[in-house]
Amino acid sequence: MIDVRPYEPDDLPFLWALAHLPDAGVTGDPTVPVPLRARRAAPSGPADLVDPEGTVLRAGGDLVVAVQDGHVVGVGGLRPVRGRPRLGRLVRLRVHPAVRRRGVGRSLMTALEEAARRHGFTDLLLDVGDHQPEALAFYRALDWSETWREAGQEWHWQTVWFHRSLERDHLPVEVRPCSSAADVADAEHALPTGRGDHRARFERQQAGEATYLLAWDRGQVVGHVVLESVSVFPEVLAGVGAHPEVHLLNVVERARRRGVATALLGAAAGVAQEQGAALVGLALVPDDDAALAIVQRLGWAFRPGLAPVDEVRRRDPRGVEHLARETCTYWTMDLAGRRRG
């Protein structure tokens, strides 16, 4: 019988012991003794591993442990993301090798999602190395969306970032850059323009001018966003300076209000930060209430005094295209500490 309960200070030596067990490759091992020997010395590694009380609980988060017959067999943490009032981050999810594939991880995740709802979070994120195939499969099986991959010179693996909306009808997607003519054709089929816009975006990506991200649901494109390498608005460049900028966020009708736009925005911000940016911007047309709700929820900051003018192409009910110039509001996200916060 597995019981999931809040962390207690006496659990810490056993969490340190759990941290010393394998977490990469194929790690299920029924021969590892379930009663872990308490460790009195902290392991080396991230702060949330060494001092979970200080980095998770005192940051306003939750820490839960899974217990079997009185023995700690799993742990998971949830903490708020600094500056993002509705976004939570899961950290340090670990399960004892002898009890893996028995529902312990799912029980921990259920408890953490319940805690997230109590905190008022609307979205969650987590990261895992791609040298942990079991963990990747686990989060995908729980319908988390893979949003972007981050490489580092000091690592021999990539960090894979996942997102989950706490909306009832969350749609798990994979977000990745457009990579081929076939991807372009799939994007045109899902969100037709009739003007070759998808191909033009892909060509700009190949030229290093932008990143064209597509959201996929089981082999079908359900959304896209363009991350410009630098703002296209002279007024913004003069007022804020050079920084990447989000454009052309769009989601197919069946996938709207299901967390896809949030995953695309998260992926764009992740790409911008991986490229070394400290800030990412976004212009919103006045009547885009859905996008406004998302950026406000995720903690983007309104920049008063900036009112860039955007050219917007729209089709009327008869299929006739119109070009309009619209004055936008401008929003930015400070990327400093976004992933580690």
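First, a word on what this report is: a plain description of the structure on this page. (Residues numbered from 1 in each chain as written. Predicted model: local features only at pLDDT ≥ 70, side-chain atom pairs only at ≥ 80, totals over all residues. Heavy atoms only, no water.)

1. Some details on the packing of helix H6 (residues 181-190) against helix H7 (residues 197-206)
Then, in step 1: Packing of H6 against H7 leaves a shortest axis separation of 9 Å and a crossing angle of 145°. For the element pair H6 and H7, the recorded crossing hand is right-handed. Of the residues in H7, those in contact with Ala181, Val184, Ala187 and Glu188 of H6 are His198, Arg199 and Phe202.
Then, in step 2: Looking at the contact of H6 with H7, its residues break down into four nonpolar, one polar and two charged. (Axes fitted to C-alpha atoms, helices over the stretch in contact; angles between N-to-C directions. Helix = DSSP H or I, 4+ residues; strand = E, 2+ residues; numbered from the N terminus. Left-handed = near helix turned anticlockwise from the far one by under 90°. Contact = heavy atoms within 4.5 Å. Nonpolar A, V, L, I, M, F, W, Y, C, P; charged D, E, K, R; others polar.)

2. What about the layout of surface pockets?
Then, in step 1: A volume near 1800 Å³ is recorded for the largest pocket.
Then, in step 2: Looking at the largest pocket, it is lined by 50 residues, and the ones nearest its centre are His224, Leu248, Leu249, Asn250 and Asp288.
Then, in step 3: Looking at the lining of the largest pocket, the elements that each hand over two or more residues are H7, strand E10 (220-228), strand E11 (245-251), helix H9 (260-274), strand E12 (279-284), helix H10 (289-297), strand E14 (309-315) and strand E15 (321-327).
Then, in step 4: Residue composition of the lining of the largest pocket, grouped by class: 24 nonpolar, eight polar and 18 charged.
Then, in step 5: Empty space within the second largest pocket amounts to approximately 1300 Å³.
Then, in step 6: Together, 49 residues line the second largest pocket, and Leu93, Asp127, Val128, Gln132 and Tyr139 are the ones closest to its centre.
Then, in step 7: Elements with a minimum of two residues in the lining of the second largest pocket: helix H2 (47-50), strand E3 (71-81), strand E4 (84-95), helix H4 (104-119), strand E5 (123-129) and helix H5 (133-141).
Then, in step 8: A total of seven residues in the lining of the second largest pocket trace back to one element, the largest contributor, which is E4. (1 Å grid on protein atoms, 1.4 Å probe; cavity = no way out; pocket = protein on both sides within 12 Å on 5 of 7 lines; lining within 4 Å. Points joined across faces, edges and corners; volume = space filled by probe spheres on them.)

3. Overview of the pattern of salt bridges
Then, in step 1: Enumeration according to the criterion identifies 21 salt bridges in this entry.
Then, in step 2: Put simply, Arg5 and Asp11 hold a salt bridge, and the shortest N to O gap is 2.9 Å. Like Arg5, the residue Asp11 is buried in the burial classification.
Then, in step 3: Through salt bridges with shared partners, a single ionic network connects Asp130, Arg140, Glu146 and Arg149. (Salt bridge = Lys/Arg side-chain N within 4 Å of Asp/Glu carboxyl O. Buried < 20%, exposed > 50% of the residue type's maximum accessible area, 1.4 Å probe, protein only.)

4. Re H4
Then, in step 1: Taking 1.5 Å per residue, 16 residues should reach 22 Å; H4 reaches 23 Å between its end C-alpha atoms and fits that length.
Then, in step 2: Residues of H4 that are buried: Val104, Gly105, Leu108, Met109, Ala111, Leu112, Glu113, Ala115 and Ala116.
Then, in step 3: Of the residues flanking the end of H4, it is Gly120, one or two places downstream, whose phi is positive at about 85°. (Expected span 1.5 Å × (residues − 1).)

This is a description of form; function is not addressed.
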